[in-house]
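Observations on the model geometry
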Amino acid sequence: EVQAGELRFGVPSSLIEAVRRTSDKEVRQAYENGTFTINNEKLPFYWAGAMLQSSPHSTQMDAKRQVVLVLRSAAQRIVMHIDNVVGNHEVVVKNIGPQLARMPGLSGVTVLPDGSVLFIYNPVALSFSYADAIRAFIAEATKQAADAEKALAAAPVAPLVLIVDDSITVRRVTGRLLQREGYRIASAADGVAALREIANER
């Protein structure tokens, strides 16, 4: 069982060639290049969350050590970045039905002892069947995040009004009126507290 962001899913142990802990620098380079080098061989590199169209990259990139799985299916090998290996389970794989059975990469489903359902994927099959869709998802998600960041930076910041009064009722009523008009508010009960607020924010 592995974790990528909020996703948890199973990978058959027969596919796992190695579990490696590597530096954040090496993983960042792999994100840029789309490949991960092992023994002078460049292997296709994927973030597990992007393969299942959940997230474009890990949110734990600040950690010094990162976890990657080297996966092999027949002659095909890939490297998959994950946040964490949750653990090993011996499981009974359930029949997923004829509709889902036709989906490349979905190997089966199991029920864990706590009652939660765990999908089991073959990431190698996923990467080769949906490589273009995975890359398109990453590009679109990255573009949306950049656009949202630009919009946030361009948005005007509402003026900040400092309300100073020894009556908490006056501060609350005045604050609500100003907030309805679109102002940001800060409040203080006396002049000394007001000076502290002014020192913290313009």
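Higher on the page you've got the structure.
For clarity, every value in this text was computed on a predicted model and none was experimentally measured.

Thresholds applied
Residues numbered from 1 in each chain as written. Predicted model: local features only at pLDDT ≥ 70, side-chain atom pairs only at ≥ 80, totals over all residues. Heavy atoms only, no water. Helix = DSSP H or I, 4+ residues; strand = E, 2+ residues; numbered from the N terminus. Rg over C-alpha atoms; globule rule 2.2 N^0.38 Å. Buried < 20%, exposed > 50% of the residue type's maximum accessible area, 1.4 Å probe, protein only. Contact = heavy atoms within 4.5 Å. Patch = residues over 30% accessible without salt bridge, like charges linked within 9 Å, V, L, I, M, F, W, Y side chains within 5 Å. Areas by Shrake-Rupley, 256 points an atom, 1.4 Å probe, with all protein chains shown as cover. Salt bridge = Lys/Arg side-chain N within 4 Å of Asp/Glu carboxyl O. Phe/Tyr/Trp six-rings, centres within 6.5 Å; stacked < 30°, edge-to-face > 60°. Core = buried A, V, L, I, M, F, W, Y, C linked by side-chain atoms within 4.5 Å. Expected span 1.5 Å × (residues − 1). Arc of directions from axis to C-beta. Pairing = 2+ DSSP bridges.

Here we take up the overall build of the chain. Assigned secondary structure in the chain consists of 7 helices and 12 strands. In terms of overall size, the chain is more extended than a compact globule, its C-alpha atoms giving a radius of gyration of 25 Å where 202 residues would be expected to give roughly 17 Å. Oriented by its inertia axes, the alpha-carbon framework of the chain measures out at about 75 × 40 × 30 Å. Expressed as a percentage of the 202 residues in the chain, the buried residues total 33%. If you take every contact in the chain between residues at least 6 apart in sequence, the share linking residues at least 24 apart comes to 61%.

A contiguous nonpolar patch, built from Leu-100, Met-103, Val-111, Val-117, Phe-119 and Tyr-130 and spanning about 500 Å² of accessible area, is present on the exposed surface. Mapped onto the elements of the fold, Met-103 is located in the loop between α3 (97–101) and β9 (106–111). A relative accessible area of 41% places Met-103 in the partly exposed class.

Inspection of every chain in the model, using the stated rule, returns 4 aromatic pairs. Summarising the aromatic geometry, the rings of Tyr-31 and Phe-45 are spaced 5.2 Å apart at their centres and angled 75° between planes, so their arrangement reads as edge-to-face. Separated by 14 residues along the polypeptide, Tyr-31 in helix α1 (residues 24–33) and Phe-45 in strand β5 (residues 41–47) bring together distant segments of the chain. For Tyr-31, a relative accessible area of 26% gives the class partly exposed. Phe-45 gets classed as buried once you look at its relative accessible area, which sits at 3%. When the centroid spacing of 6.4 Å and the interplanar angle of 35° are considered together, the rings of Phe-119 and Tyr-121 count as tilted. Three or more aromatic residues link up through ring pairs in this structure, and these residues are Phe-9, Phe-119 and Tyr-121.

Assignment of secondary structure puts Gly-10 in the loop between β2 (7–9) and β3 (16–23). When its relative accessible area of 5% is taken as the criterion, Gly-10 is described as buried. Note: C-alpha distance between Gly-10 and Ala-146 (136 residues apart in sequence) is 32 Å. Those residues in contact with Gly-10, other than ones at most four positions away along the chain, are Glu-1, Leu-118, Phe-119, Ile-120 and Tyr-121.

All right, on to the nonpolar core then. Proteins that are soluble and globular tend to have nonpolar side chains buried together. One finds Phe-9, Val-11, Met-51, Leu-71, Met-80 and Ile-82 to be the most contacted residues of the largest nonpolar core, which totals 24 residues. Residue assignment for this core shows that the elements contributing at least two residues are β1 (2–4), β5, α2 (48–51), β6 (65–73), β7 (76–82), β9, α4 (123–129) and α5 (131–154). Sequence-distant contacts of Met-51, that is, excluding residues within four places in its chain, are made with Tyr-46, Ile-78, Met-80, Pro-123, Leu-126, Ser-127 and Ile-134. With 10 residues, the next largest nonpolar core counts Val-27, Phe-36, Leu-43 and Val-79 among its residues.

The first and last C-alpha atoms of helix α6 (residues 168–180) sit 18 Å apart over 13 residues, in line with the 18 Å expected at 1.5 Å per residue. The set of residues buried in α6 consists of Arg-171, Gly-175 and Leu-178. Projected down its long axis, α6 carries its buried residues within an arc of 70°, all on one side. Set apart from the buried face of α6 by more than 90 degrees, the exposed residues are Thr-169 and Arg-180. Against β11 (160–164) and β12 (184–188) lie the buried residues of α6. Just downstream of α6 lies Gly-182, where phi reads positive at about 95°.

On to the environment of Leu-195, then. On the secondary structure map, Leu-195 appears in helix α7 (residues 191–200). Take Leu-195: its relative accessible area is 60%, and that puts it in the exposed class. It is 52 Å that separates the C-alpha atoms of Leu-195 and Ala-136, two residues lying 59 residues apart in sequence.

Quick look at the sheet that holds β2 now. Strand order in the open sheet formed by 3 strands is β2-β1-β8, and the pairing between neighbours is antiparallel. Looking at the sheet topology across the chains shown, the edges are occupied by β2 and β8 (84–85).

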